[in-house]
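What follows is each chain in one-letter form.
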Amino acid sequence: MTVPTERLAEAGIEPSVGSVGDSYDNALAETINGLFKTEVIRRRGPWRSMEAVEFATLEWVDWYNHRRLLEPIGNMPPAEAEARYYAGLEEPALAA
């Protein structure tokens, strides 16, 4: 049996978006996993099927990205902030 990192390499997938063992990658992943488990898995269980868990996961990810208001970015959803950011990049600079 191969270890998971070997399976990722065989599939051409990078095991981390940062440096190997990057604490920032791990901290972010642990935070999101903890939120998901608290807000969905434990609160809405017990689960009758994997399909129910998968559907609840899709609903939560959609809420997390498109409807959750995030104070540090002006009490707007992350997807809206991202759209505004990219729209600002496309606007031509005004002449003085």
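Just so it is clear, the model here is predicted, and its values are computed rather than measured.

Cut-offs applied
Residues numbered from 1 in each chain as written. Predicted model: local features only at pLDDT ≥ 70, side-chain atom pairs only at ≥ 80, totals over all residues. Heavy atoms only, no water. Helix = DSSP H or I, 4+ residues; strand = E, 2+ residues; numbered from the N terminus. Buried < 20%, exposed > 50% of the residue type's maximum accessible area, 1.4 Å probe, protein only. Contact = heavy atoms within 4.5 Å. Areas by Shrake-Rupley, 256 points an atom, 1.4 Å probe, with all protein chains shown as cover. pLDDT = per-residue confidence, 0-100. Polar contact = N/O pair within 3.5 Å; in protein donor to acceptor, adjacent residues only side chain to side chain. Phe/Tyr/Trp six-rings, centres within 6.5 Å; stacked < 30°, edge-to-face > 60°. Lys NZ or Arg CZ within 6 Å of the ring centre and 35° of its normal.

Caption draft 1: Structural view of the overall build of the protein. Assigned secondary structure in the protein consists of 4 helices and 0 strands. Starting at the N terminus and walking to the C terminus, you meet the elements of the protein as α-α-α-α. Counting across all 96 residues of the protein, residues that qualify as buried make up 10%. Taking as baseline every contact in the protein between residues at least 6 positions apart, the subset at least 24 positions apart corresponds to 15%. In the structure as shown, the protein presents an accessible area of about 8200 Å², 59% of it carried by carbon and sulfur atoms.

Caption draft 2: Here's a closer look at the confidence of the model for the protein. The share of residues in the protein with pLDDT of 70 or more is 79%, and the mean pLDDT across the chain is 85. Considering each helix and strand of the protein separately, the mean pLDDT is smallest for helix H1 (residues 4-10), with a value of 74, and largest for helix H3 (residues 50-66), with 95.

Caption draft 3: Representation of the environment of Glu-59 within the structure. Within the secondary structure, Glu-59 sits in helix H3. Separated by 19 residues in the primary sequence, Glu-59 and Val-40 place their C-alpha atoms 9.8 Å from one another. When sequence neighbours within four positions are dropped, the list of residues in contact with Glu-59 reads Arg-44 and Arg-67. In terms of polar contacts, Glu-59 uses its side chain to reach the side chain of Arg-44, at 3.2 Å.

Caption draft 4: Main features of the packing of aromatic side chains. Applying the stated rule across the entire model yields 5 aromatic pairs. Each ring, one from Trp-60 and one from Tyr-64, has its centre 4.9 Å from the other, and the planes form 35 degrees; the classification is tilted. A residue pair is termed a helical-turn pair when its members lie 3 or 4 positions apart in one helix, as Trp-60 and Tyr-64 do in helix H3 at 4 residues. The pair formed by Trp-60 and Tyr-64 is uniform in burial state, with each residue classed as buried. We classify Tyr-64 as buried; its relative accessible area is 16%. The residue whose ring lies beneath Arg-68 is Tyr-64, and the NZ or CZ to ring-centre distance is 3.6 Å.

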